[in-house]
Structure formats: C-alpha cells, structure tokens
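This is what each chain is made of:
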Amino acid sequence: MQLIDGKSTANKIKEELKEEVAAIVDNDQRAPHLVAVLVGDDPASETYVGSKEKNAKKLGFTSSVYRLDADTTEEELLKTVDFLNNDPEVDGFIVQLPLPEHINADKVTQAIDPKKDVDGFHPVNLGRMMIGLPAYLPATPNGIMELLKRYDIETEGKHCVVLGRSNIVGTPMNILMSRKTKPGNATVTMCHSRTQNLKGIVKSADIIIAAIGKKEFVTADMVKEGAVVIDVGIHREKSDKTKSGWKLKGDVAFDEVSKKASYISPVPGGVGPMTIVSLLMNTLKAYKKEVYTD
Ligand code: GUN
C-alpha cells in the first residue's frame, strides 16, 4: 500500500507557486491578488478564510479579506461582488460559504464574474468543465485530479466509483474522471443515498472516491484488493489521545481499508491540504488570464 501524501504534495506545489510568483514580482509586476469575502462570524469559516489568507501571503500573493457583518443585506453583498468584479487589481475572489440564511447563496455565486470565480462554483465554469473547455475547477476535485496525476495513478479504462453527488465534489468528479484526459478516461459510477446494491458496486471499483459525508462509511468488506481509495470526508471525533481533544476521521475506515488498497489518501493529510493549493493555482491562472483568454 502506498500512502497518497497530500500534505507533502501540497507543500511541493506551494514551492512551485512561490517561485513563480517571486519571478513575477522580480519582473516589477504586481503580485496576483486573491480576495475572500466573509459574511458574519462563523468560527469554521473564520478558520478556513484565515488559512487561505495566511497561505496566499506566504507564497507572495496579495491577499485581502472583506469582513462583512452578519446582518449585511443581500443587496449590500451583491454590491461588494460587483465592486470586486470591476476592480482590475483583483484577479480572483471567493465568497465564503455558508452565508447567513437571509442571503440567497445561489444568487451571490451567480453574480460573480466567471473570469474571477476561482472557487469554480459559477454555472459557467461548471458548464465549461462539463464540455471540456478551460475552466476554473472547484478546489477539491482539482486537488484530487492533481494527486492522481502526481502519483501517476492509472485511471484509463478503470472503474471509478464516486460516492456522493454534491455540486462541488461528487458531480464534478464524475465528469472529470470520465472525460478523455489523463487522469480521466475512466468508467464512472456515481452512487448516492438511493443507490441499490451500493456495497456490490463499490466492491467492483478499481478507484473509489468517497465523498458521502458519513464517518468511516467505506469498510474493508466493500473494497476490492488493490483498489485506489481517495477519501474526501472530514469528521471530528472526541479523543483523549490528542492535545486538542479531537481526532479527524474520513469517509473511509482507514485502518482496515489501507490493508487492501494499493493507494490510499489519509484523513487528515490527504485531499484536505490540496484544496487551498487548488485555490491558489486558480488565482495564478486568473492573474495570467490562462482560462479565459479573451
Ligand atoms: N466553504 C467551505 N469550503 C468552501 C470553499 O471551498 N469555498 C467557499 N467559497 N466556501 C467554502
């Protein structure tokens, strides 16, 4: 079994990004600029945004956070989005989700200029991805594709089972893995809460992408010997063995499944660290106008 080490892969990509940004700045050009908009004071969102900002700055990006009160109206947030859409010094921005209930998140996502949508959540980017046009890919699928590429994992002709059908993980993974690309070219089955014979389908998989949101859902009896297992889940569990008092678990029962897998991504340290890197890769692409060339 080989561990898919997302942490060290992410660190390697960070070094690559840092060098590229340093070369831009050395050439007397402004650094790529990422903005995060945070509405309210949800502690998890604060942590995510803080980590995005810290990483961006460490790699030489310009990074700003727009903090808006929890009672900001939808109209005010849409005005901020419009301002950022039109600021030539902002290459890409994200509006951190979840938003307070009185704001329609779909409306806000759709107000973002697709050319600056480095989250890859706008329907235009999802549609472009679907038909194979250059697009900003959402962070988690992008990170998984990068891991498969860098570990040189064969996907062509393989049976890939995706567990979960969310707009930002399961559905894009289904599309990306079935496209005529490398990695890609797989035969994909997407499973969800209404799937019959789920266990049997997962057992026939050469590649399992678990994004079902259920702690340790994938057990060894569901996994074929030699399967590649990618774990997207994040669940906190109380523990008296860690300093924080918490331990992270994935959608896969790691201890037992790792005995059967050929490759497996752990939680923590697998897909998670790749997501911030994906966002920064997208921001650099936005700066270089690599996705939308007009
Ligand atoms: N909330 C949790 N993850 C994300 C993300 O990747 N982007 C945004 N905008 N909000 C999130």
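Before reading on, note that the structure itself is shown above.
This is a predicted model, so every value here is computed, not measured.

**Student:** In this structure, what is going on with the overall build of the chain? I would like to understand it.
**Tutor:** A tally of helices and strands in the chain yields ten helices and eleven strands. Against the compact-globule benchmark of 19 Å for 294 residues, the chain has a radius of gyration of 19 Å, which places it among compact chains. Across its three principal axes, the chain shows a C-alpha extent of roughly 55 × 40 × 35 Å. Counting the 294 residues in the chain, one finds 50% classified as buried. Sequence separation of 24 or more characterises 70% of the internal contacts of the chain that already satisfy a separation of 6 or more. Per element, the accessible surface of the chain, about 14,500 Å² overall, is 50% carbon and sulfur. On the chain, the mean spot of the 39 positive side-chain charges and the mean spot of the 41 negative ones are 6 Å from each other.

**Student:** Explanation requested: the packing of helix 1 (residues 6-26) against helix 6 (residues 139-150) in the structure shown.
**Tutor:** Direction vectors running N to C along helix 1 and helix 6 enclose 95 degrees, while the axes themselves pass 11 Å from each other. Comparing their axes, helix 6 and helix 1 come out roughly perpendicular. Of the residues in helix 6, those in contact with G6, T9, K12, I13 and E16 of helix 1 are E146, L147 and R150. Considering only residue class, the contact of helix 1 with helix 6 consists of two nonpolar, two polar and four charged.

**Student:** How do you make sense of the sheet that holds strand 5 (residues 159-163) when you look at a structure like this?
**Tutor:** The sheet built from six strands is open, its strands ordered 1-11-8-7-5-6 with parallel pairing. Each having just a single partner strand, strand 1 (2-3) and strand 6 (187-191) make up the two edges of the open sheet. Relative to strand 11 (residues 263-264), strand 1 is paired through two bridges, and the arrangement is parallel. Bridged to Q2 within strand 11 is Y263. Along the sheet, helix 7 (residues 170-178) contacts strand 5, strand 6 and strand 7 (207-210); its crossing angle with strand 6, the most-contacted strand, is approximately 170 degrees.

**Student:** What is the right way to read the site of the ligand from this model?
**Tutor:** Taken together, the residues surrounding the ligand are K52, V95, Q96, L97, D119 and F121. Contact distances for the ligand include 3.1 Å between a nitrogen atom and a side-chain N or O atom of Q96. Between a nitrogen atom of the ligand and a side-chain N or O atom of D119, the distance comes to 2.6 Å.

**Student:** Even after reading the chapter, I still don't get a negative patch on the surface, so can you show me in this structure?
**Tutor:** The grouping of D41, D42, D69, D71, E75 and E76 at the surface amounts to a negative patch. With respect to the helices and strands, the residue D69 is situated in the loop between strand 3 (62-68) and helix 3 (74-86). Taking relative accessible area as the criterion, D69 reaches 55% and is therefore assigned exposed.

**Student:** Hey, could you run me through the sheet that holds strand 3 in this one?
**Tutor:** What links the strands of a sheet is backbone hydrogen bonding, and the strands pair in either a parallel or an antiparallel sense. Pairing is parallel across the open sheet formed by three strands, whose spatial order is 3-2-4. Bordering the open sheet on either side are strand 3 and strand 4 (92-95), each of which pairs with just one other strand. On average, each strand axis in the sheet is tilted by 15 degrees relative to the strand beside it, whichever way the strands run. Pairing analysis gives seven bridges linking strand 2 (residues 33-39) to strand 3, with the strands arranged parallel. Residue pairing across strands places V35 opposite S64, the latter belonging to strand 3. Contacting strand 2, strand 3 and strand 4, helix 2 (residues 43-58) runs over the sheet at an angle of about 160 degrees to strand 3.

**Student:** Honestly, the packing of aromatic side chains in this entry has me stumped. Any pointers?
**Tutor:** Think of a pair of aromatic rings as described by two things: how far the centres are apart, and how the planes are tilted against each other in angle. With the rule as written, the count across this model stands at one aromatic pair. Here the aromatic rings of Y136 and Y292 are separated by 6.1 Å at their centres, their planes lie at 40 degrees, and the arrangement is tilted. Of this pair, Y136 sits in the loop between helix 5 (123-130) and helix 6 while Y292 sits in the segment after helix 10 (272-287); the two residues are 156 residues apart in sequence, bridging distant segments of the chain. Take Y136: its relative accessible area is 2%, and that puts it in the buried class.

**Student:** I keep staring at the pairing of strand 6 and nothing clicks. Help me out?
**Tutor:** Along any regular strand the residues' side chains alternate between the sheet's two faces. As defined by bridge partners, strand 5 adjoins strand 6 across five bridges and the pair is classed as parallel. By the bridge assignment, V161 is partnered in strand 6 with T189. In this fold, strand 5 hands off to helix 7, which returns the chain to strand 6; that crossover is right-handed.

**Student:** How do you make sense of unusual backbone geometry when you look at a structure like this?
**Tutor:** For residues besides glycine, phi is generally negative; the peptide bonds are generally trans as well. With an omega dihedral of 0 degrees, the bond running from L97 to P98 counts as a cis peptide bond. In this structure, P98 sits in the loop between strand 4 and helix 4 (105-111). Backbone torsion omega between V267 and P268 reads 0 degrees, so that peptide bond is classified as cis. Among the secondary structure elements, P268 is positioned in the loop between strand 11 and helix 10.

Basis of the calculations
Residues numbered from 1 in each chain as written. Predicted model: local features only at pLDDT ≥ 70, side-chain atom pairs only at ≥ 80, totals over all residues. Heavy atoms only, no water. Helix = DSSP H or I, 4+ residues; strand = E, 2+ residues; numbered from the N terminus. Rg over C-alpha atoms; globule rule 2.2 N^0.38 Å. Buried < 20%, exposed > 50% of the residue type's maximum accessible area, 1.4 Å probe, protein only. Contact = heavy atoms within 4.5 Å. Areas by Shrake-Rupley, 256 points an atom, 1.4 Å probe, with all protein chains shown as cover. Lys, Arg positive; Asp, Glu negative; His and termini not counted. Charge placed at Lys NZ, Arg CZ, Asp CG, Glu CD. Axes fitted to C-alpha atoms, helices over the stretch in contact; angles between N-to-C directions. Parallel < 35°, antiparallel > 145°, perpendicular 65-115°, else oblique. Nonpolar A, V, L, I, M, F, W, Y, C, P; charged D, E, K, R; others polar. Pairing = 2+ DSSP bridges. Near = heavy atom within 4 Å. Polar contact = N/O pair within 3.5 Å; in protein donor to acceptor, adjacent residues only side chain to side chain. Patch = residues over 30% accessible without salt bridge, like charges linked within 9 Å, V, L, I, M, F, W, Y side chains within 5 Å. Salt bridge = Lys/Arg side-chain N within 4 Å of Asp/Glu carboxyl O. Phe/Tyr/Trp six-rings, centres within 6.5 Å; stacked < 30°, edge-to-face > 60°. Right-handed = clockwise from strand over helix to strand, strands pointing away.

Coordinates in, geometry out; function isn't part of it.
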